[in-house]
Amino acid sequence: MELKLTRPICFFDLETTGIDVARDRIVEISILKVFPNGNKESRTWLVNPEMPIPPESSAIHGITDEKVKDEPTFKELSKAIYTMIKDSDLAGFNSDRFDIPVLAEEMLRSDIDFDMGSRVSVDVQTIFHKMEQRTLSAAYKFYCGKSLEDAHSAEADTIATYEVLKSQLDRYQELENDIKFLANFTTRRVTADFAGFISYDEDGVEVFSFGKHKGRKVEEVLEQEPGYFGWILNADFPRYTKKVLTAIKLRKLNTKLG
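Small disclaimer: the values here were computed from a predicted structure and weren't measured.

**Student:** Which parts of the structure should I look at to understand the overall build of the protein chain?
**Tutor:** Helix and strand content of the protein chain: 11 helices and seven strands. With respect to the three principal axes, the spread of C-alpha positions in the protein chain is 60 × 45 × 30 Å. Residue burial in the protein chain is summarised as follows: out of 258 residues, 50% are buried. Within the protein chain, contacts between residues at least 6 apart in sequence are counted, and of these 61% link residues at least 24 apart. Counting only carbon and sulfur atoms, one obtains 49% of the accessible surface of the protein chain, whose full area is about 12,900 Å². Distance from the positive charge centre (35 side chains) to the negative charge centre (44 side chains) of the protein chain: 4 Å.

This is how it looks when you write it as structure tokens:
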């Protein structure tokens, strides 16, 4: 079954220096862009992360410091990557919890105002876990009847994820071949930021989901304790969390001025 698309969708996968969204960096990115007419465009880049790649990470994806030392940095690649994805929805395997947050951090670090407000995302892993509870290699074997060669190579994982989603649509009649439906189906928890430090209450108002102000409205905390905003901006929180917090603060300020 081919995807029914009203706009392009980019399947992508990252290999990184580690699993810390705020600190770790991309060492490889592969994107498979699928257009509504069925055409496809694919690009894969090795990336110099500007930091050492831990041996335990290299053992997983096979990318070493030596392999990327002469490759471009993410900032040097950022405009080309953004151009490829800017008009598209996004999809990946565990992408909502890891790949999209890491990509957002790298984009913001490169002074590109990346935002998910105008797009949706489909996390193929969530469909898999809701239906079968397995890993990407097992999903590929289960749904496609193939062994995943070169697992943890960004390109192989990206193509496998695309094929798995199409097979999932063939297998499960309750899944609609509609990207917005799949995005809603794969959403685990609605948060204002990717990392989940700011969530919503039952009225749809942003609240802190951590620390001493957990459960309190963000606007209320920022008004009553202005220093909390500065503390978060100067602490080791993800850039996207800081971007969301700043937007809330500016919105409140504009409301007052209005």
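Okay, back to it.
**Student:** What's the story with the side chain of asparagine 48 in this structure? I'm lost.
**Tutor:** Within the secondary structure, asparagine 48 is located in the loop between strand 3 (40–46) and helix 1 (55–61). Since its relative accessible area comes to 19%, asparagine 48 is described here as buried. There is a polar contact of 2.9 Å between the side chain of asparagine 48 and the backbone nitrogen of glutamate 50. At a separation of 3.3 Å, a polar atom in the side chain of asparagine 48 contacts the main-chain carbonyl oxygen of lysine 69. The contact partners of asparagine 48, leaving out residues within four places of it in the chain, are Val68, Lys69, Glu71, Pro72, Thr73 and Phe74.

**Student:** When you look at the pairing of strand 2 (residues 26–34) in this model, what are you seeing that I'm missing?
**Tutor:** Along any regular strand the residues' side chains alternate between the sheet's two faces. Burial runs high along strand 2: nine of the nine residues are buried. Looking at chain direction, strand 1 (residues 9–16) and strand 2 are connected through eight bridges and run antiparallel. From the neighbouring strand, glutamate 15 faces strand 2, where its bridge partner is glutamate 28. Sheet topology note: the strand 2/strand 3 ladder contains seven bridges and is antiparallel. The residue bridging lysine 33 from the neighbouring strand is glutamate 41, located in strand 3. In this antiparallel pair of consecutive strands, strand 2 and strand 3, the connection spans five residues, and glycine 38 shows a positive phi of 95°.

**Student:** What am I meant to see in the pattern of salt bridges here?
**Tutor:** Tallied over the full model, the rule gives 18 salt bridges. Notably, a salt bridge pairs glutamate 50 with arginine 25, separated by 3.6 Å at the nearest N-O pair. You can see glutamate 50 sitting in the loop between strand 3 and helix 1 and its partner arginine 25 sitting in the loop between strand 1 and strand 2, a full 25 residues away along the chain. Residue classification places arginine 25 among the buried residues on the basis of a relative accessible area of 15%. In this structure, glutamate 219 and arginine 251 form a salt bridge, with 3.0 Å as the shortest nitrogen-oxygen distance. Taken as a pair, glutamate 219 in helix 9 (residues 218–224) and arginine 251 in helix 11 (residues 239–257) lie far apart in primary sequence, 32 residues in all. Classification of glutamate 219 by relative accessible area gives partly exposed; the value is 26%. Of the residues examined, arginine 251 reaches a relative accessible area of 37% and is grouped as partly exposed. Look at the salt bridges and you will find they share partners, linking Arg25, Glu50, Glu106 and Arg109 into a network.

**Student:** Would you explain the packing of aromatic side chains in this entry?
**Tutor:** Within a pair of aromatic rings, the relevant descriptors are the distance that separates the centres and the angle that separates the planes. Tallied over the entire structure, the rule returns 14 aromatic pairs. Between the aromatic rings of phenylalanine 128 and tyrosine 143, the centroid separation amounts to 5.5 Å while the plane-to-plane angle is 65°, which identifies the pairing as edge-to-face. Highlighted residues: phenylalanine 128 in helix 5 (residues 124–131) and tyrosine 143 in helix 6 (residues 136–144), separated in sequence by 15 residues. A relative accessible area of 9% means that tyrosine 143 is categorised as buried. Among the aromatic residues, those joined into a ring-pair cluster are Phe197, Phe208, Phe210, Tyr228, Trp231 and Phe237. Here lysine 130 stacks its cationic end above the ring of phenylalanine 185, 4.4 Å away from the centre of that ring. The ring of phenylalanine 229 has lysine 249 lying over it, and the distance from NZ or CZ to the ring centre is 4.9 Å.

Cut-off values and rules
Residues numbered from 1 in each chain as written. Predicted model: local features only at pLDDT ≥ 70, side-chain atom pairs only at ≥ 80, totals over all residues. Heavy atoms only, no water. Helix = DSSP H or I, 4+ residues; strand = E, 2+ residues; numbered from the N terminus. Buried < 20%, exposed > 50% of the residue type's maximum accessible area, 1.4 Å probe, protein only. Contact = heavy atoms within 4.5 Å. Areas by Shrake-Rupley, 256 points an atom, 1.4 Å probe, with all protein chains shown as cover. Lys, Arg positive; Asp, Glu negative; His and termini not counted. Charge placed at Lys NZ, Arg CZ, Asp CG, Glu CD. Polar contact = N/O pair within 3.5 Å; in protein donor to acceptor, adjacent residues only side chain to side chain. Pairing = 2+ DSSP bridges. Salt bridge = Lys/Arg side-chain N within 4 Å of Asp/Glu carboxyl O. Phe/Tyr/Trp six-rings, centres within 6.5 Å; stacked < 30°, edge-to-face > 60°. Lys NZ or Arg CZ within 6 Å of the ring centre and 35° of its normal.

Function-wise, these values are silent; they only describe arrangement.
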